[in-house]
Every structure is written in structure tokens, then in C-alpha cells.
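Understanding the architecture of this molecule
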Amino acid sequence: MATEEHTDLIIVGAGLFGLTVAQQAAENGYHVHIIDVREHIGGNAYSYFDKETGIEVHKYGAHLFHTSNQRVWDYVNRFTSFTNYVHRVYATHDGEVYPMPINLGTINQFFHAAYTPAQAEALINEQAGEYANVEPQNLNDQGIKLIGKPLYEAFIKNYTAKQWQTDPEKLPASIIRRLPVRFTYNNRYFRDTYEGLPTDGYTRWFERMIDNPNIEVTLSTDFFDASQELSKANLRGSVPIVYTGPIDRYFGSQLGDLHWRTVDFKEHRYDEVNHLGTPVMNYVDADVPFTRSIEFKNFNPERTEVAEQKRTIVWDEYSRFASKDDEPYYPINTAEDRERFAQYKAMEDAEPNVVFGGRLGGYAYFDMHQTINSALIAWEKQVKPLLK
């Protein structure tokens with residue numbers, strides 16, 4: 001294991017960015033020490049197996065691996081195989097269940113029709129009305145332009161308001177710039193070439209990534225606690241650091257805080273083989289306070305002993321603005337936040353021995369494959385040149 005006298009690289013944060021850089025560094029003969037304030041590795045992708053039921057629970061909400069990046073796919077398959085899971089989502093609106101994202105099936109069910117693709121597309125264009133030929137000024141206008149007012153108000157408006165805790169007319173159009181609408185019956189959620197879930201679970205995948213004698217991991221350790229040895233105060237300037245925590249916190253929030261949304265979960269246990277009948281059910285109406293429900297066992301029907309037992313776990317997911325003590329999930333990304341982040345980015349120049357990365361360090365929402373890809377690039381272009 002790595003020791004303090006022989007540590008070549010400190011990695012702050014055991015999420016996918018940090019784990020990927022650590023794996024690459026250790027594989028190239030460098031000694032790495034990972035620290036994390038949490039009591040587990042894996043960041044928000046961490047999962048555990050429930051002791052009562054054996055169901056794999058995604059502690060920070062549903063995580064689904066998908067990518068079209070061949071390099072990333074080849075890389076992750078070094079550490080785990082993947083199931084043949086294909087993600088499909090359904091939404092409950094006005095007491096009826098519809099397939100998501102909006103596709104020809106959704107459209108025909110909603111309008112009680114049998115439109116052909118061409119007819120459905122013509123209808124949507126007609127229903128965009130006055131918004132069809134204007135540059136949208138906010139999310140509300142963008143949504144109507146993309147899918148017409150009836151579908152937007154049924155499936156997007158209230159769901160978005162709950163998710164962002166903000167009137168869609170006050171949100172930027174860019175949030176749903178590429179809202180998927182399909183004029184076929186294809187309701188596969190992701191379009192990527194590769195998709196699946198790690199066969200043995202997320203945490204086993206991550207454990208294999210850092211199964212190397214050149215890697216040491218210290219958990220439940222706060223990088224900003226100057227009283228402990230592995231702190232910013234003690235390490236800054238003495239060893240290269242990969243920092244994947246919140247960038248504003250690294251600089252003492254001296255320019256102000258960057259703002260995030262967080263999510264809360266309410267757990268239900270049912271003496272039923274299946275409760276939702278699907279892994280994820282969105283609730284798009286304003287009178288339902290949560291945005292979606294997750295039934296974890298349905299992610300892994302191949303685990304038949306668990307899947308067929310008469311016991312299941314469902315989590316309802318609630319979205320809200322994050323306070324300082326909450327887990328940051330999604331950057332709010334207002335114009336003010338973007339300007340403040342740019343100012344923090346400029347401050348990185350004064351930290352030549354530190355590489356910032358990951359979703360918290362980059363103030364961005366990344367899918368897992370994007371995080372891994374950015375970490376592989378950062379290793380080659382930023383981290384490796386720092387190591388002697």
C-alpha cells in the first residue's frame with residue numbers, strides 16, 4: 001500500500017473521476033492516496049445490497065450506464081461485465097400511464113388517435129402555434145415550440161417546475177434544447193450504442209478499479225479539516241493533487257457559493273413481488289409532490305431469487321434547492337452562477353499542482369461515461385505531466 005513518504009499523487013474524492021485517475025496512475029507505477037469525506041467509494045454512483053431483501057439499492061438515486069464512446073466502453077469492461085438492461089421510462093398523467101420519452105405511442109395514446117409519423121409531426125408543428133418560428137426566451141417557450149402546447153403542459157411543464165422548484169418561464173430554454181421527441185414507437189430511453197448495469201453491482205465494479213497495491217484509500221476524511229494529516233493545509237504545494245470536490249469550497253467560497261439542487265428520498269417497503277411494474281415511474285402532475293418513483297429490483301430481473309421474492313423497495317424522489325449541508329446533485333447554472341464559476345476557474349491558475357475535475361469540480365452535470373472520459377483525458381494531459 002502507498003505510504004505518506006512515497007505518495008506520488010493525492011486524489012480528493014473517490015467518485016468515478018477520482019477512481020479512474022487513480023487506476024491509471026497506479027497502473028503506470030505511481031503511488032496514489034485517495035481520500036473521501038464519505039464512508040464509501042463510488043461517489044453518487046455507490047450502491048449497496050439491502051440486508052433484508054438482497055436488492056441492490058442505488059444510495060443516491062438511479063444510476064444507469066450507457067455510452068457510445070468505444071474507448072470508455074472498452075475501459076469499463078476491464079473491471080465489470082454488464083447486464084443486457086435497456087432503460088425504459090413511463091409517466092403517470094391524470095390517472096393514466098404513458099411511455100417516455102414522448103414518442104408516437106405517447107402521442108397516439110394522449111390524443112386517442114392512430115396518427116402516422118408524418119401526421120403526428122404535422123400535428124405537433126401545428127400545436128406549436130406562435131412559438132414555432134420564434135427564438136424561445138425561456139424553457140416554457142422552448143417546450144411548446146418542440147412538442148406543442150398540449151403535450152408540453154401535460155408531460156413537461158409541471159414535472160419541470162417540481163424538478164427545478166422554479167416556474168418554467170423563469171428557466172433558460174437551454175435546459176430542454178434537445179428534448180427528445182420520436183415519431184416512431186421506439187421508447188428506449190437512451191440512444192447510445194452500449195447500455196447495461198454492472199453485473200455484480202456498482203460498488204464491486206469500483207472496488208476492482210482500485211484493486212492495486214499502489215493505491216491506498218482513506219475514507220471519512222475531510223480535506224478541509226486542518227487538524228488531520230491529509231488536509232489541504234498540510235498537502236497543498238507538497239504533492240500533486242486531483243481535486244474532485246466543490247470548486248467554490250476549495251477556494252473558501254471567497255467569491256460566493258455556487259448553487260445546486262439536491263434530492264430527498266422517501267422509502268416504502270411492500271410485501272409484493274412488484275409494485276410499480278417498471279424501474280422508474282415519473283409523476284408529471286402538479287398534485288403529486290415528488291417527481292418520480294424508483295423500484296430497484298426491476299433494474300436486475302436476471303437476479304431471479306431476489307426479483308421473484310414477495311418483497312420490494314420503492315423510493316419516491318423529491319427535488320429542492322440545496323443548502324450548504326445538503327448533497328449537491330445538479331448545478332442550477334444561472335447566469336450569475338456561470339459567471340461566478342468562470343471566476344473560480346480563473347483562480348485555478350494559481351494552483352499549478354492541482355487538477356480540478358468531476359461534476360463538483362467542474363460545476364456541471366455529467367453522465368458516468370462522460371466523467372470517465374474526462375478523467376482519462378485529464379490523466380493524459382494534466383495529471384501525468386505533473387508526476388515525476
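Residues numbered from 1 in each chain as written. Predicted model: local features only at pLDDT ≥ 70, side-chain atom pairs only at ≥ 80, totals over all residues. Heavy atoms only, no water.

Per an unreviewed UniProt entry, the chain is named UDP-galactopyranose mutase, and its organism is Aeriscardovia aeriphila. Recorded under Sequence similarities (unreviewed entry), the UniProt text for the chain is reproduced unchanged: "Belongs to the UDP-galactopyranose/dTDP-fucopyranose mutase family." (UniProt positions renumbered as here; feature names shortened; annotations may be inferred.)

**Comments concerning the side chain of Arg359**
Turning to its location among the elements, Arg359 is positioned in helix H12 (residues 358–361). An unpaired buried charge is present at Arg359: no salt bridge exists, and Glu327, the closest side chain of opposite charge, is 6.0 Å distant. Beyond its immediate stretch of four places on either side in the chain, Arg359 contacts Asn44, Trp260, Pro328, Tyr329, Ala364 and Phe366. (Helix = DSSP H or I, 4+ residues; strand = E, 2+ residues; numbered from the N terminus. Buried < 20%, exposed > 50% of the residue type's maximum accessible area, 1.4 Å probe, protein only. Lys, Arg positive; Asp, Glu negative; His and termini not counted. Salt bridge = Lys/Arg side-chain N within 4 Å of Asp/Glu carboxyl O. Contact = heavy atoms within 4.5 Å.)

**Things to note about the packing of helix H1 (residues 16–27) against helix H13 (residues 368–383)**
Put simply, H1 and H13 touch, their axes get as near as 8 Å, and they point 45° apart. By the angle between their axes, H1 is oblique relative to H13. By crossing handedness, the relation of H1 to H13 is classed as right-handed. Counting all contacts with H1, which are made through Leu16, Phe17, Thr20, Val21, Gln24 and Ala25, the residues of H13 involved are Met368, Thr371, Ile372, Ser374, Ala375, Leu376, Ala378, Trp379 and Val383. (Axes fitted to C-alpha atoms, helices over the stretch in contact; angles between N-to-C directions. Parallel < 35°, antiparallel > 145°, perpendicular 65-115°, else oblique. Left-handed = near helix turned anticlockwise from the far one by under 90°.)

**Some remarks on the sheet that holds strand E15 (residues 330–331)**
Paired through backbone hydrogen bonds, the strands of a sheet run either parallel or antiparallel to each other. Strands sit in the order E7-E6-E12-E13-E14-E11-E15 across an open sheet of 7 strands; the sheet is mixed. Each having just a single partner strand, strand E7 (96–100) and E15 make up the two edges of the open sheet. Most of the contacts of helix H3 (residues 104–111) go to E7, to which it runs at about 155°, and overall it touches strand E6 (89–93) and E7. (Pairing = 2+ DSSP bridges.)

**Points about the side chain of Ser319**
Positionally, Ser319 belongs in strand E14 (residues 312–321). For Ser319, a relative accessible area of 9% puts it in the buried group. Here Gln163 takes part through its backbone oxygen, which lies 2.4 Å from a polar atom of the side chain of Ser319. In contact with Ser319, not counting residues within four places along its chain, are Lys162, Gln163, Gln165, Arg261, Thr262 and Val263. (Polar contact = N/O pair within 3.5 Å; in protein donor to acceptor, adjacent residues only side chain to side chain.)

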